[in-house]
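Here's the letter readout for the chains.
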Amino acid sequence: MSSNAVANLTLPLLSGNAAWAAQMNATNSTFLPTLAEAQAPPVVWIGCADSRVPESVITNQLPGQIFTTRNIGNQFHTNDDSAQAVVEYGIGHLNASNVVVVGHTNCGGVKAAYAAGAPTATDSSSHAHATEPESSDTCSRRRSYFARSASENSTEEAEEANDPLNNFLAPLIDLRRALPPNATVLDLTVANVRAGVIHVVNSTTIQDAWAAGREVCVHGWLYDLASGLIQDLGFTTCSDSTVN
Ligand SMILES: [Zn+2]
């Protein structure tokens, strides 16, 4: 494919945007100009980068409703400044009152971590051993967990140790190893959402909000790609650090 043909793949986005803006302004000529002045989203969304889970589309929301961060496998970790900053800004400065951690079925990141952290013949005899943190030596030899073509495999092996994608999956792989050997991909998907909820709940932002008497709730949801429906996983907490 020529470079022009590649670049032209973005043209539908620009023409689609022009059509969308025209329709929005025809429907309500003051909506976008008013929204341009300020935002007050009620919800902070922590989701997966997957193209099939666009938060405002699947929840039928207009711009201005969802403050968002998305990454591989909808992870939220205490050492992730980007995700932490989104929650801090959304809750602490925009006064959003809810955080939703949203996993989804058939997640490539979760499936890759599930496969990489699966029990092997040598370590499946001891589940406790499988939950131990990875050694740095193990990390240095970590392989790429996403499927690659044969040519990519032959040229990129040496780069895998410092591959940001692999590094970002490491906590998810550790979570897989902490689950029972017979856990399913869906089990890991749900466990990952629950871990995210726990990390959000224990974040300085949420703890400070609760200490100040604010009503802020944290939720864990699961989006089903095939049905298009969101399931509340029942992890909601609005005042208590204990997550079911
Ligand atoms: Zn995903």
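In this text the structure is predicted, and so the values were computed from the model without any measurement. (Residues numbered from 1 in each chain as written. Predicted model: local features only at pLDDT ≥ 70, side-chain atom pairs only at ≥ 80, totals over all residues.)

1. Remarks on the packing of helix α6 (residues 108-116) against helix α10 (residues 164-178)
Stage number 1. Running from amino to carboxyl end, α6 crosses α10 at an angle of 55°, the nearest separation of the two axes being 8 Å. Here α6 lies oblique to α10, going by the angle between them. Pair α6 / α10 crosses with right-handed handedness. Two secondary-structure elements touch here, α6 through Gly109, Val110, Ala112, Ala113, Tyr114 and Ala116 and α10 through Leu169, Leu172, Ile173 and Arg176.
Stage number 2. Its residues assigned to classes, the contact of α6 with α10 shows eight nonpolar, one polar and one charged. (Axes fitted to C-alpha atoms, helices over the stretch in contact; angles between N-to-C directions. Helix = DSSP H or I, 4+ residues; strand = E, 2+ residues; numbered from the N terminus. Parallel < 35°, antiparallel > 145°, perpendicular 65-115°, else oblique. Left-handed = near helix turned anticlockwise from the far one by under 90°. Contact = placed C-beta atoms within 7 Å. Nonpolar A, V, L, I, M, F, W, Y, C, P; charged D, E, K, R; others polar.)

2. So, the environment of threonine 59
Stage number 1. Examined against the element boundaries, threonine 59 turns out to sit in the loop between α4 (55-58) and β2 (66-71).
Stage number 2. The class for threonine 59 is partly exposed, based on 16 C-beta atoms found within 10 Å. (Buried ≥ 20, exposed ≤ 12 C-beta atoms within 10 Å, placed from the backbone.)

3. Some words on the UniProt feature "binding site: Zn(2+)" (unreviewed entry) in the protein chain
Stage number 1. With numbering aligned to this structure, UniProt lists the feature "binding site: Zn(2+)" (unreviewed entry) at Cys48, Asp50, His104 and Cys107. A maximum C-alpha distance of 9.0 Å is found for the annotated residues, which run over 60 residues; spatially they form one tight group.
Stage number 2. Mapped onto the elements of the fold, cysteine 48 is located in strand β1 (residues 43-48).
Stage number 3. If sequence neighbours within four positions are ignored, cysteine 48 has contacts with Val53, Arg70, Gly73, Asn74, His104, Cys107 and Gly109. (UniProt positions renumbered as here; feature names shortened; annotations may be inferred.)

4. Considerations on the nonpolar core
Stage number 1. The biggest cluster of nonpolar side chains holds 38 residues, and the ones touching the most others in it are Val44, Ile46, Val99, Val101, Ala113 and Val200.
Stage number 2. Mapped onto this core, the elements with two or more residues apiece are β1, β2, α5 (81-93), β3 (98-104), α6, α10, α11 (185-201) and β4 (217-223).
Stage number 3. For this core, the element with the most residues is α11, which contributes six residues.
Stage number 4. Apart from the residues within four sequence positions on either side, valine 200 is in contact with Phe76, Val87, Val99, Val101, Ile206 and Val218. (Core = buried A, V, L, I, M, F, W, Y, C linked by C-beta atoms within 7 Å.)

5. A look at unusual backbone geometry
What is expected of a backbone is that most residues other than glycine have negative phi and most peptide bonds are trans.
Stage number 1. Although it is not a glycine, asparagine 95 adopts a positive phi angle of roughly 65°.
Stage number 2. Checked against the element boundaries, asparagine 95 lands in the loop between α5 and β3.
Stage number 3. Even without being a glycine, asparagine 106 presents a positive backbone phi close to 55°.
Stage number 4. Looking at the element boundaries, asparagine 106 is found in the loop between β3 and α6.
Stage number 5. According to the C-beta neighbour criterion, asparagine 106 is partly exposed, with 14 such atoms within 10 Å.

6. Some remarks on the sheet that holds strand β5 (residues 230-232)
Stage number 1. Spatially, the five strands line up as an open sheet ordered β2-β1-β3-β4-β5, and their pairing is mixed. Two strands bound the open sheet, and with one partner strand each, they are β2 and β5. Neighbouring strand axes in the sheet, compared pairwise and without regard to direction, differ in orientation by 25° on average.
Stage number 2. Sheet topology places β3 next to β4; seven bridges connect them, and they run parallel. Bridging from a neighbouring strand, glycine 103 pairs with leucine 222 of β4. (Pairing = 2+ DSSP bridges.)

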